[in-house]
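The chain contents come next:
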Amino acid sequence: MEKIRIAIADDDAGMRMMVRKLIERADDYALVGEAENGEELLDLFEKTRPEVVFMDVEMPGMTGVECARLIQDKNPKTIMVFVTAHEEYMADAFEVYAFDYLLKPFRMERAMHTLDLIRQRLRESAGAPGAPEKPVRFNAPARIMLKHREGVSFVDLNDILLVQREERATVVYVADGGRFVTGDTLGEMEERLPEGMFFRTHKSYIVNINHIESIAPYGRWTYIVKLRGTRQDALITHERFEELQTRFA
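Quantities reported herein were computed from a predicted structural model and do not represent experimental measurements. (Residues numbered from 1 in each chain as written. Predicted model: local features only at pLDDT ≥ 70, side-chain atom pairs only at ≥ 80, totals over all residues. Heavy atoms only, no water.)

## As for the confidence of the model for the chain
The predicted model of the chain averages 86 in pLDDT, with 88% of residues at 70 or higher. Within the model, the stretch residues 129-141 combines pLDDT values under 50 with 21 contacts to residues more than four positions away or in other chains. (pLDDT = per-residue confidence, 0-100. Contact = heavy atoms within 4.5 Å.)

## A word on the side chain of T237
Structurally, T237 is set in strand β15 (residues 233-237). Looking at T237, its side chain comes within polar contact range of the main-chain nitrogen of R240, at 3.2 Å. Setting aside residues up to four positions removed in sequence, T237 forms contacts with Y97, T201, H202, W221, T222 and Y223. (Helix = DSSP H or I, 4+ residues; strand = E, 2+ residues; numbered from the N terminus. Polar contact = N/O pair within 3.5 Å; in protein donor to acceptor, adjacent residues only side chain to side chain.)

## Notes on the packing of aromatic side chains
Inspection of every chain in the model, using the stated rule, returns 2 aromatic pairs. The interplanar angle of 35° and the centroid separation of 4.6 Å between the aromatic rings of Y223 and F241 together place this pair among those described as tilted. In this pair, Y223 sits in strand β14 (residues 222-227) while F241 sits in helix α7 (residues 238-247), placing the two residues 18 residues apart along the sequence. Judged by relative accessible area, Y223 falls into the buried class, the value being 18%. (Phe/Tyr/Trp six-rings, centres within 6.5 Å; stacked < 30°, edge-to-face > 60°. Buried < 20%, exposed > 50% of the residue type's maximum accessible area, 1.4 Å probe, protein only.)

## Some thoughts on empty space enclosed by the protein
In this structure the tally under the stated criterion is 2 cavities of 30 Å³ or more. In this structure, the largest cavity encloses a volume near 80 Å³. Grouping the amino acids of the lining of the largest cavity by side-chain chemistry returns 9 nonpolar, 4 polar and 1 charged. (1 Å grid on protein atoms, 1.4 Å probe; cavity = no way out; pocket = protein on both sides within 12 Å on 5 of 7 lines; lining within 4 Å. Points joined across faces, edges and corners; volume = space filled by probe spheres on them. Nonpolar A, V, L, I, M, F, W, Y, C, P; charged D, E, K, R; others polar.)

## Quick word on the environment of L157
Among the structural elements, L157 can be located in the loop between β7 (151-156) and β8 (160-166). Sequence spacing of L157 and P194 is 37 residues, and the spatial spacing of their C-alpha atoms is 8.8 Å. Leave out the neighbours within four places in its chain, and L157 touches A142, R143, I144, L193, P194, M197, F198 and N208.

## A look at the sheet that holds strand β3 (residues 52-55)
Spatially, β2-β1-β3-β4-β5 is the arrangement adopted by the 5 strands of the open sheet, whose pairing is parallel. The open sheet has two free edges, formed respectively by β2 (29-35) and β5 (100-103), since each of these has just one partner strand. Mean inter-strand twist for the sheet, computed between neighbouring axes without regard to direction, equals 20°. Pairing between strand β1 (residues 4-9) and β2: 6 bridges, direction parallel. Residue pairing for β2: A9 is matched across the bridge by A35. Helix α1 (residues 13-25) rests against β1, β2, β3 and β4 (79-84) of the sheet, and its axis sits at about 170° to β2. Across the sheet, helix α2 (residues 38-48) is in contact with β1, β2 and β3; its angle to β2 comes to roughly 140°. (Pairing = 2+ DSSP bridges. Axes fitted to C-alpha atoms, helices over the stretch in contact; angles between N-to-C directions.)

## Observations concerning the pairing of β15
Most of β15 is tucked away, with 5 of its 5 residues classed as buried. Side chains D233, L235 and T237 project from β15 onto one buried face, and the interleaved A234 and I236 project onto a second face that is buried too. As paired strands, β14 and β15 are joined by 5 bridges and run antiparallel to one another. Considered in β15, the bridge of I224 is made with L235. Once β14 ends, the chain turns through 5 residues before running back antiparallel as β15, passing G229 with a positive phi of about 90°.

## With respect to unusual backbone geometry
Of the consecutive residues K104 and P105, the connecting peptide bond is found in the cis state with omega at -10°. Positive phi outside glycine occurs at R49, with the angle close to 45°.

Written out as structure tokens, the structure reads:
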């Protein structure tokens, strides 16, 4: 299997060296690059598309939390681990759903455990079953019109599996394996979709409740939602998971 791509961002050269040694000790990881500040990290992310980022919170110019928000808008499944000497930033890390929060100076065993958990989560996600030959259908005949660069498409609400932010755009995934990039924001899509069928699980995801197959822990404050009929999945925050549970109580 391909190695997990990981990037480091910290203005402290000694700390970057420590994280680099950590990655060298871990199985299945490949370091794709290092950055000394937020701007360098964003440039590195564009060039290498790491699956995991270890970053400091306090860096010159753009903070780690600000970088995390921009990275999430490009790929909300990027796993972010904050490494900082300041515990008071944990609430900010919670807002961007960091996978973990390591306090400097951290123990190698503690950080290695985090890498082990990330590997497990990513491997489980990669092993998700593919789409069935025929999509599952439910009783909801209504359709929605999606505007995109090529014009407009009319899609059955039953067929919509997932709506997510991706590369600063809103993408709709449907049951036949298709996808539509629409000009609507995620908030606008949320208003147009029936609340009884669709649920905003995360700031970057809306899922069709009828297509949820399973929900499992993913990070410290998030879970991963598996959907029937697609290899795509979604993230759900702890708060939204609790709210979703009340619908099935």
